[in-house]
Amino acid sequence: DVAAASAAQDRLTVGAVQREIREGMSGADVASALGAPNIVTRDNAGEETWVYDRISTTKAYSTSAGGVNALFLAGASASAGASETSQRTLTIVIRFDKSSRVRSFSYRSSSF
């Protein structure tokens, strides 16, 4: 379900990780709090690592119509504008022990 996947992605924030994830939690509790991970791996000892990796893009656009900022060219409208795009990334790594409980977790967030 697309709406459920979108809602899970919206829940994935640094605040949610800090608030919701604790050592000793079960995988089911982690999935309930953060949704499904992007990558699941298992090491030689049988311990799982879940990786959540999200990228969000924000685009802002402002316009100015008329006055000094207007540029009239054949076929062009009488408005000028500026746009700005920014991206945020969030990567969360959760390591589980042999009994499928959270052993440790880390996260990294960046904006550019």
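Residues numbered from 1 in each chain as written. Predicted model: local features only at pLDDT ≥ 70, side-chain atom pairs only at ≥ 80, totals over all residues. Heavy atoms only, no water.

On to the overall build of the protein chain. Scanning the protein chain from N- to C-terminus turns up 3 helices and 4 strands. When the helices and strands of the protein chain are placed in sequence order, the string is α-α-α-β-β-β-β. Burial analysis of the protein chain (112 residues in total) assigns 23% to the buried set. If you sum the accessible surface of the protein chain, you get close to 7500 Å²; carbon and sulfur atoms cover 50% of it. (Helix = DSSP H or I, 4+ residues; strand = E, 2+ residues; numbered from the N terminus. Buried < 20%, exposed > 50% of the residue type's maximum accessible area, 1.4 Å probe, protein only. Areas by Shrake-Rupley, 256 points an atom, 1.4 Å probe, with all protein chains shown as cover.)

Next up on the list: the packing of aromatic side chains. A full pass over the atoms with the stated rule returns 1 aromatic pair. Judged by centre distance (4.7 Å) and plane angle (55°), the rings of Trp-50 and Phe-96 are tilted. Of this pair, Trp-50 sits in strand β2 (residues 48-65) while Phe-96 sits in strand β3 (residues 79-96), and the two are 46 residues apart along the sequence. The pair Trp-50 / Phe-96 is uniform in exposure class, with both members buried. (Phe/Tyr/Trp six-rings, centres within 6.5 Å; stacked < 30°, edge-to-face > 60°.)

Residues other than glycine seldom take positive phi values, yet Ser-100 does so here, at roughly 60°. Mapped onto the secondary structure, Ser-100 falls in the loop between β3 and β4 (102-111).

The next thing to look at is the side chain of Thr-49. Here Thr-49 lies in strand β2. Residue classification places Thr-49 among the buried positions, given a relative accessible area of 19%.

A few words on the nonpolar core. Membership of the largest hydrophobic core comes to 15 residues, with the highest contact counts inside it found for Ile-21, Val-30, Leu-34, Tyr-52, Ile-92 and Ile-94. Only α2 (14-20), α3 (27-34), β2 and β3 provide two or more residues apiece to this core. Ile-94 has contacts with Ile-21, Val-30, Leu-34, Glu-48, Thr-49, Trp-50, Tyr-52, Val-102, Ser-104 and Phe-105, leaving out every residue within four places of it along the chain. (Core = buried A, V, L, I, M, F, W, Y, C linked by side-chain atoms within 4.5 Å. Contact = heavy atoms within 4.5 Å.)

Moving on: the side chain of Ser-26. Within the element layout of this structure, Ser-26 appears in the loop between α2 and α3. Polar side-chain contacts of Ser-26 include one of 3.1 Å to the backbone nitrogen of Asp-29. Aside from chain neighbours lying at most four places away, what touches Ser-26 is Phe-96, Ser-100 and Arg-101. (Polar contact = N/O pair within 3.5 Å; in protein donor to acceptor, adjacent residues only side chain to side chain.)

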